[in-house]
Amino acid sequence: MSHLTKKDRLAIRASLEAQRANFLHGLKTALEESGQTQFAEVLGRSSGDSADEALAVTLGNLAAARMDHEVRTLQALEDAFKRVDSPEYGLCEDCGAHIPAARLVANPVATRCIACQERFEHTHAGQTHGSM
Ligand SMILES: [Zn+2]
């Protein structure tokens, strides 16, 4: 059984939604400021019925524009959305420990416990940025 209650998962999902909305808003503003209004327009539509389609188009555009960090961030958020209801969500992918609900609410895309994340970042120093 998962250590996460239904309430925990709801809080995590709400946090994910807020982070995605924030991220997309920031991205839209950045694209508009750099004159890439065709991308910004797609992002503006990414709410409602065509959200999945708009998101797929957005990911394609970001990849084409070589905005790798943005692509990874958005994919991590989408991945967390898919996993949040699964029994495996909230388990550290390295050691299997329960990731505390508070950590997941603050950082829903976390896939490791704090100890393993620190070890991972230490091991991969220079290759990864610990901003997420
Ligand atoms: Zn761990």
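This structure is a prediction, so every number in the text was calculated from the model and none was measured. (Residues numbered from 1 in each chain as written. Predicted model: local features only at pLDDT ≥ 70, side-chain atom pairs only at ≥ 80, totals over all residues.)

*Asks:* How should I be thinking about the overall build of the protein in this particular structure?
*Replies:* When helices and strands are counted, the protein shows six helices and zero strands. Tracing the protein from N to C terminus, the helices and strands come up as α-α-α-α-α-α. Per-residue burial over the protein gives 15% buried out of 132 residues. Look at the contacts in the protein between residues 6 or more apart in sequence, and 42% of them connect residues 24 or more apart. (Helix = DSSP H or I, 4+ residues; strand = E, 2+ residues; numbered from the N terminus. Buried ≥ 20, exposed ≤ 12 C-beta atoms within 10 Å, placed from the backbone. Contact = placed C-beta atoms within 7 Å.)

*Asks:* Help me understand helix α1 (residues 6–33) in this model?
*Replies:* Because each turn of an α-helix spans 3.6 residues, side chains separated by three or four positions in sequence point in the same direction. If you check α1, its first and last C-alpha atoms are 41 Å apart, about what 28 residues at 1.5 Å a residue would give, namely 40 Å. Turning to α1, its buried residues number three or more, namely Ile-12, Leu-27, Lys-28 and Leu-31. (Expected span 1.5 Å × (residues − 1).)

*Asks:* Before we go on, may I ask you to explain the environment of Ala-76 in this structure?
*Replies:* Structurally, the position occupied by Ala-76 is in helix α4 (residues 68–83). With 34 residues separating them in the primary sequence, Ala-76 and Ala-110 have C-alpha atoms 9.1 Å apart.

*Asks:* Looking at this structure, how should I read the packing of α1 against α4?
*Replies:* The relative placement of two packed helices is expressed as an angle between their axes plus a distance between the axes. Axis separation between α1 and α4 bottoms out at 10 Å; the angle between their running directions is 155°. In terms of orientation, α1 and α4 fall into the roughly antiparallel class. Where α1 crosses over α4, the handedness of that crossing is left-handed. Here α1 contributes Leu-16, Gln-19, Arg-20, Phe-23 and Leu-27 to the contact with α4, which in turn contributes Glu-70, Thr-73, Leu-74, Leu-77, Ala-80 and Phe-81. A breakdown of the residues in the contact of α1 with α4 according to their chemical character gives seven nonpolar, two polar and two charged. (Axes fitted to C-alpha atoms, helices over the stretch in contact; angles between N-to-C directions. Parallel < 35°, antiparallel > 145°, perpendicular 65-115°, else oblique. Left-handed = near helix turned anticlockwise from the far one by under 90°. Nonpolar A, V, L, I, M, F, W, Y, C, P; charged D, E, K, R; others polar.)

*Asks:* Sorry, what's going on with the environment of Gly-60 here?
*Replies:* Mapped onto the secondary structure, Gly-60 falls in helix α3 (residues 51–64). Sequence separation between Gly-60 and Val-71 is eleven residues; the distance between their C-alpha atoms is 8.7 Å.

*Asks:* Teacher, can you tell me more about the environment of Leu-62 here?
*Replies:* Secondary-structure assignment places Leu-62 in helix α3. The class for Leu-62 is buried, based on 22 C-beta atoms found within 10 Å. Spatially, the C-alpha atoms of Leu-62 and Leu-74 are 9.9 Å apart, while their sequence positions differ by twelve residues. Once residues lying within four places of it in the same chain are set aside, the contact partners of Leu-62 are Met-67, Glu-70 and Val-71.

Just geometry here; none of it tells us what the structure is for.
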